[in-house]
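Per-entry structural report
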Amino acid sequence: LYVWGVRRNNVLHPRHRWPVGRTLAWAGALLTTGIAVFSFVGVYDSELFWDHMVQHLLLIMVAAPLFAVGSPLQLAWRATSGTSHLVVTEALRSPVATFLGHPAVAFVAYAVVIPLSHLTSFYNLTLKNENIHNFEHLLFLLVGYMFWRQIFGSDPNCYRLHPALQFAYLFMAIPIDTFTGLSLAGEAHEIFPAYLALHRTWGPSLVTDLHIGGDIMWVGGDTLMLWPMIPVALRWMRMEERKAARLDRELDAEAAGAHP
């Protein structure tokens, strides 16, 4: 469907072809999701907690930002025409879209979903019910997309964060992963009954497994949250340099006008 949208866009807007980089990002997001869900990572995600944590990071920290870079909403808007285009336009301008596109909503959703899905009985439900488990995967992708679209991509959104606010946005999200990871790494016993019921006879002990998963969440999550801060900081610096250059030109023009 995405490739069809790219072809359709290039037919409708031959002078503004869809960037190849966004298509590659979308393909990378699908590949990452496939690895997280259908490879050996997905096979053992209900038996090894640390494996689940790797899966979690792949979905919300790798696949989700790549989906955001792919900008599917902008592609849907540009690849449609006539009535379909009007429907897409109205949907993107709807109160629901405006609400979900707000940076604060995305941040709060991330701040709630991460600890809720790992420190409460909800996680135990995912181990016992495959439908809830699949819902968790989808939830990670959706919340991750909401979070990362504030930083990457060009999907239509009435809220555009200044790079300085983007930097602060990412910086404030780091303690969420840190808190969740350290909480898990500090547990003295297994906190999820479903793992106790498995009676697994291989791999690390239940507590060690829990601690490894917490460390992956803490170290891996913080690291993956830090790397996007680099391009955001560079974007911020370039914006300030352009602003300074523009101000210098205006001052030079005023000085030239005052002394003909």
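Residues numbered from 1 in each chain as written. Predicted model: local features only at pLDDT ≥ 70, side-chain atom pairs only at ≥ 80, totals over all residues. Heavy atoms only, no water.

Over its 19 residues, helix α10 (residues 130-148) runs 27 Å from end to end, which matches the ideal 27 Å to within 8%, given 1.5 Å per residue. Where α10 is concerned, the buried positions are His-133, Glu-136, His-137, Phe-140, Leu-141, Val-143, Gly-144, Tyr-145, Met-146, Phe-147 and Trp-148. For α10, the N-terminal cap is Asn-129; the gap from its side-chain oxygen to the backbone nitrogen of Asn-131 is 2.9 Å. (Helix = DSSP H or I, 4+ residues; strand = E, 2+ residues; numbered from the N terminus. Expected span 1.5 Å × (residues − 1). Buried < 20%, exposed > 50% of the residue type's maximum accessible area, 1.4 Å probe, protein only. Polar contact = N/O pair within 3.5 Å; in protein donor to acceptor, adjacent residues only side chain to side chain.)

Before going further, it helps to spend a moment on the packing of aromatic side chains. Considering all chains together, one arrives at 15 aromatic pairs under this definition. Both rings, one in Tyr-123 and one in Tyr-195, keep their centres 6.1 Å apart while their planes meet at 45°; by these two values the pair is tilted. Of this pair, Tyr-123 sits in helix α9 (residues 121-128) while Tyr-195 sits in helix α12 (residues 193-198), and the two are 72 residues apart along the sequence. According to the relative accessible area criterion, Tyr-123 is buried, its value standing at 0%. By relative accessible area, Tyr-195 is classed as buried at 2%. Among the aromatic residues, those joined into a cluster by ring pairs are Phe-107, Tyr-110, Phe-147, Trp-148, Phe-152, Tyr-169 and Trp-227. The ring of Trp-18 carries the charged tip of Arg-22 above its face, separated from the ring centre by 5.0 Å. One Lys or Arg, Arg-200, reaches over the ring of Trp-202 and ends 5.6 Å from the middle of that ring. (Phe/Tyr/Trp six-rings, centres within 6.5 Å; stacked < 30°, edge-to-face > 60°. Lys NZ or Arg CZ within 6 Å of the ring centre and 35° of its normal.)

Formed by 49 residues in total, the largest nonpolar core has its most connected members in Phe-49, Tyr-110, Phe-147, Trp-148, Leu-170 and Met-225. Sorting elements by how many residues they give to this core places helix α4 (residues 49-70) first, with 10 residues. Sequence-distant contacts of Phe-49, that is, excluding residues within four places in its chain, are made with His-118, Tyr-123, Leu-184, Phe-192, Tyr-195, Asp-209, Leu-210, Gly-213 and Gly-214. (Core = buried A, V, L, I, M, F, W, Y, C linked by side-chain atoms within 4.5 Å. Contact = heavy atoms within 4.5 Å.)

Right, let's talk about the environment of His-189 for a bit. Structurally, His-189 is set in the loop between α11 (163-185) and α12. With 18 residues separating them in the primary sequence, His-189 and Val-207 have C-alpha atoms 5.6 Å apart. Apart from the residues within four sequence positions on either side, His-189 is in contact with Val-207 and Leu-210.

What follows is about the environment of Gly-5. Tracing the chain through its elements places Gly-5 in helix α1 (residues 2-12). Along the primary structure Gly-5 and Ala-76 are separated by 71 residues, whereas in three dimensions their C-alpha atoms are 6.7 Å apart. Setting aside anything within four residues of it in sequence, one finds Gly-5 in contact with Leu-75 and Ala-79.

What is shown is where atoms sit, not what they do.
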